[in-house]
Amino acid sequence: MVELDEAVAAVWETILSPKAAGWLANKIVSYELTREACKKDLAEKPKSKRERAFQTILRNRTCRGGIMAPGAGLIGYGENGKGVHSRWYPQTLKRRIRDIGLVRHRIKFVRGDAFAVMEEFAENESAVFFIDPPYTASKKKAGSRLYTHSELDHRQLFETAAAVKGDVLLTYDNADEMLCQRSVKTSQ
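Visitor: I tried to follow the pairing of strand β3 (residues 128–131) on my own but got confused; where do I start?
Guide: The alternating pattern of β3 places Phe-129 and Ile-131 on a buried face and Val-128 and Phe-130 on a face that is not buried. Judged from the four bridges that link them, β3 and strand β4 (residues 167–170) form a sheet pairing that is parallel. Bridge pairing links Phe-130 to Leu-169 in β4.

Visitor: Hey, could you run me through the side chain of Thr-160 in this one?
Guide: Counting through the fold element by element, Thr-160 comes out in helix α8 (residues 154–163). Once residues lying within four places of it in the same chain are set aside, the contact partners of Thr-160 are Phe-115 and Met-118.

Visitor: Would you explain the nonpolar core in this entry?
Guide: One broad trend across soluble globular proteins is that nonpolar side chains are buried collectively. Among the nonpolar cores identified, the biggest contains 25 residues, and Leu-24, Ile-28, Leu-58 and Trp-88 are the most heavily contacted of them. Apart from residues lying up to four places away in sequence, Trp-88 is in contact with Ile-28, Tyr-31, Leu-33, Phe-54, Ile-57, Leu-58, Arg-61 and Leu-93. Formed by nine residues, the second largest nonpolar core is a distinct cluster that contains Ala-122, Phe-129, Ala-161 and Val-164.

Visitor: Looking at this model, I keep getting lost on helix α5 (residues 90–102). Mind explaining?
Guide: Because an α-helix packs 3.6 residues into every turn, residues spaced three or four apart end up facing the same way. Counted at 1.5 Å a residue, the expected span for α5 with its 13 residues is 18 Å, and the 19 Å between its end C-alpha atoms agrees. Within α5, the full set of buried residues consists of Leu-93, Ile-97, Ile-100 and Gly-101. Taken end-on, α5 shows its buried residues confined to a sector of 105°, consistent with a single buried face. Among the exposed residues of α5, those oriented more than 90 degrees off its buried face are Gln-91, Arg-98 and Leu-102.

Visitor: I keep staring at the confidence of the model for the protein chain and nothing clicks. Help me out?
Guide: Low-pLDDT portions of the prediction should not be read for the details of their coordinates. The predicted model of the protein chain averages 85 in pLDDT, with 81% of residues at 70 or higher. Element-level pLDDT for the protein chain is lowest in helix α7 (residues 142–146), with a mean of 53, against a maximum mean of 98 in α5.

Visitor: Would you mind showing me how to read helix α1 (residues 6–15) here?
Guide: Where α1 is concerned, the buried positions are Ala-7, Ala-9, Ala-10, Val-11, Thr-14 and Ile-15. If you follow the buried residues of α1, they end up packed against β1 (2–3), α2 (18–30), α4 (49–62), α5 and β2 (110–111). The N-cap residue of α1 is Asp-5: its side-chain oxygen and the backbone nitrogen of Ala-7 are 2.9 Å apart.

Visitor: What's the story with the packing of helix α3 (residues 35–43) against α4 in this structure? I'm lost.
Guide: When two helices pack together, their arrangement is given by the angle between the helix axes and the distance between those axes. At their nearest, the axes of α3 and α4 sit 10 Å apart, and the two run at 135° to each other. The pairing of α3 with α4 is recorded here as oblique in orientation. The handedness of the crossing between α3 and α4 is left-handed. Residue-level contacts link Cys-38, Asp-41 and Leu-42 of α3 to Gln-55, Leu-58, Arg-59 and Thr-62 of α4.

Definitions and limits used
Residues numbered from 1 in each chain as written. Predicted model: local features only at pLDDT ≥ 70, side-chain atom pairs only at ≥ 80, totals over all residues. Heavy atoms only, no water. Buried < 20%, exposed > 50% of the residue type's maximum accessible area, 1.4 Å probe, protein only. Helix = DSSP H or I, 4+ residues; strand = E, 2+ residues; numbered from the N terminus. Pairing = 2+ DSSP bridges. Contact = heavy atoms within 4.5 Å. Core = buried A, V, L, I, M, F, W, Y, C linked by side-chain atoms within 4.5 Å. Expected span 1.5 Å × (residues − 1). Arc of directions from axis to C-beta. pLDDT = per-residue confidence, 0-100. Polar contact = N/O pair within 3.5 Å; in protein donor to acceptor, adjacent residues only side chain to side chain. Axes fitted to C-alpha atoms, helices over the stretch in contact; angles between N-to-C directions. Parallel < 35°, antiparallel > 145°, perpendicular 65-115°, else oblique. Left-handed = near helix turned anticlockwise from the far one by under 90°.

Below you can see the structure in the form of structure tokens.
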């Protein structure tokens, strides 16, 4: 797995560390979520990677639409009037962290640029690339509202993906602009 965003990377690095993952899961289930506490905790500068991980999850679960970009507002009314509690499921989050821990030995995480990692494994026919770029190709540019790192050269991504010897699966939003992109790879 490769992630450029420092906050999202902190989540994965924390979850993949046994001690830090336990701390994070316990922090989530013991957190007394209120709108005021959430605002206060999201405004603080994290002192450690695991605190940044918690803050990132808190932001993702309590901001409108899970928006991670700076300036995102907290959920107002939310699902069934639950407000910031609409997407805060502490026991589910704890279980997901635990479940990832069961397979952590099979996951290699790289904080960095996915293009560099693709180039590193480009000649490896057994490498499989699942690429989920920020949705910024369309005129609507939804990804620019969602992500801190939303700028992407989509043509370069398609060319790089087409050049690797392994299999590639790309996710994209349904954007007319993507119809002009072509991959030279075909299924065999």
